[in-house]
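Remarks on the overall topology
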Amino acid sequence: MEFSTNGDSHNGFTKIEKYNQDTTEQLMFHYKKVLELLGEDAEREGLLKTPLRVAKAMQFLTQGYHNNPEDILKSAIFKEDYRQMVIVKDIEVYSMCEHHMLPFVGRAHVAYIPNGTITGLSKIARVVDAFARRLQVQERLTTQIKDCIQNTLNPLGVAVVIEAQHMCMSMRGVQKQNAITTTSDFTGAFEKVATREEFIRLISTKSNY
Ligand SMILES: Nc1nc2c(ncn2[C@@H]2O[C@H](COP(=O)(O)OP(=O)(O)OP(=O)(O)O)[C@@H](O)[C@H]2O)c(=O)[nH]1
Ligand SMILES: [Zn+2]
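Residues numbered from 1 in each chain as written. Chains lettered and ligands numbered in written order. Predicted model: local features only at pLDDT ≥ 70, side-chain atom pairs only at ≥ 80, totals over all residues. Heavy atoms only, no water.

Contact geometry of helix α4 (residues 121-132) with helix α5 (residues 138-153) gives a least axis separation of 10 Å together with a crossing angle of 135°. One finds that α4 runs oblique with respect to α5. Relative to α5, the crossing made by α4 is right-handed. Facing Ile124, Val127, Val128, Phe131 and Ala132 of α4, the residues of α5 in contact are Leu141, Gln144, Ile145, Cys148 and Ile149. Tallied by class, residues from the contact of α4 with α5 come to nine nonpolar, one polar and no charged. (Axes fitted to C-alpha atoms, helices over the stretch in contact; angles between N-to-C directions. Helix = DSSP H or I, 4+ residues; strand = E, 2+ residues; numbered from the N terminus. Parallel < 35°, antiparallel > 145°, perpendicular 65-115°, else oblique. Left-handed = near helix turned anticlockwise from the far one by under 90°. Contact = heavy atoms within 4.5 Å. Nonpolar A, V, L, I, M, F, W, Y, C, P; charged D, E, K, R; others polar.)

As C-alpha cells, then:
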C-alpha cells in the first residue's frame, strides 16, 4: 500500500496526499454502485466526485492496517531509570465499529511503569491511532494497545482505559444519544488495586492546561 504524506497538518491531522491507485479505483467503482443502490443519481454534479472522496476517506480511516505499532514504539526507546507511572491521558480516538462501519469516538488513557526503558510520549498516541484506524470493537482496541506496549517495552505494567460513544448506538439502532462505553485492561503492577486506583484517580483529575 502506498501511503505518503506532505506533512501538511489539517485540523491536527496529517493530510494524506497519495493513495494506492488500484485500491482507490476499485473503491470508487463500488461506492458509485452504493450511491445508485441507495436511490441516488450518481451522475448529478454534487455526487460526481463522491466515490473518489469516499474511497480516500475510507483508506484514511483504515490506514492502521499499514502501520506496525510495535515498530512505532521501537523507533523511540530510551534507557532511563524512572520507575514510576507515566500516563498519557485524553488521547483522541477515532475508530470504526466493525459491525456497521460507523464511527466510534472518544478518548484513551494509557499508562505504563518503565522497567529500565521509556518510549517517546507521542509514540503512545501513535500506537493508539495505528490500532484505532481499523475496523474495530472497543474491547479489542483496548487489549491490542495494552499488549503492544507490554510486549514491546516490557514495562512493570500497562493500563489502558477507553471511553467512547458509538454512532451505531446513537444515529441508528437503539438510538441512545448519551451512552458512553468504558473498557479497560491492565497488566503487571496495575493488577494491584492500589496502583490501579492511583491511575484511575490521575486520569479523573482535570488538568489546568
Ligand atoms: N461489544 C461491542 N459491541 C459493539 C461495538 N460496536 C458496536 N457494537 C455492537 O455490535 C452489536 C451488533 O449486533 P447485531 O444484533 O448483530 O446488529 P444489529 O442488528 O445492527 O444490532 P442493533 O445495533 O442492536 O440494531 C450491536 O449490539 C452494537 O451495539 C464494540 O466496540 N464492542
Ligand atoms: Zn456498530
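Still to come is the rest of the account.
The subject of this paragraph is the nonpolar core. Of all hydrophobic cores here, the largest spans 28 residues; its most connected members are Val110, Tyr112, Leu141, Ile145 and Ile149. Sort the elements by how many residues they give to this core and α4 lands first, with six residues. Not counting residues up to four positions away in its chain, the partners in contact with Ile145 are Val110, Val127, Val128, Phe131, Val160 and Ile162. The next biggest cluster of nonpolar side chains, apart from the first, holds nine residues, and it includes Ile113, Phe186, Phe190 and Ile203. (Core = buried A, V, L, I, M, F, W, Y, C linked by side-chain atoms within 4.5 Å. Buried < 20%, exposed > 50% of the residue type's maximum accessible area, 1.4 Å probe, protein only.)

Another point: the UniProt feature "binding site: Zn(2+)" (unreviewed entry) in the protein chain. In this structure's numbering, the residues bearing the UniProt feature "binding site: Zn(2+)" (unreviewed entry) are Cys97, His100 and Cys168. Across 72 residues, the annotated set stays spatially compact, with a maximum C-alpha separation of 7.9 Å. A residue is classified by how much of its surface remains accessible, and Cys97, at 3% relative accessible area, is buried. With sequence-adjacent residues up to four places away left out, Cys97 is seen in contact with Leu102, Phe104, Gln136 and Cys168. Looking at the secondary structure, you find Cys168 in helix α6 (residues 167-170). Given the relative accessible area of 10%, Cys168 is considered buried. If sequence neighbours within four positions are ignored, Cys168 has contacts with Cys97, His100, Leu102, Pro103 and Gly173. (UniProt positions renumbered as here; feature names shortened; annotations may be inferred.)

Right, let's get into the sheet that holds strand β9 (residues 181-186). Here five strands make up an open sheet; going across it, the order is β7-β4-β5-β8-β9 and the pairing mixed. Of all strands in the sheet, those with a lone pairing partner are β7 (135-136) and β9, marking the two edges. In the sheet, strand β4 (residues 86-97) pairs with strand β5 (residues 103-113) via nine bridges, with the strands oriented antiparallel. From the neighbouring strand, Tyr94 faces β5, where its bridge partner is Val105. (Pairing = 2+ DSSP bridges.)

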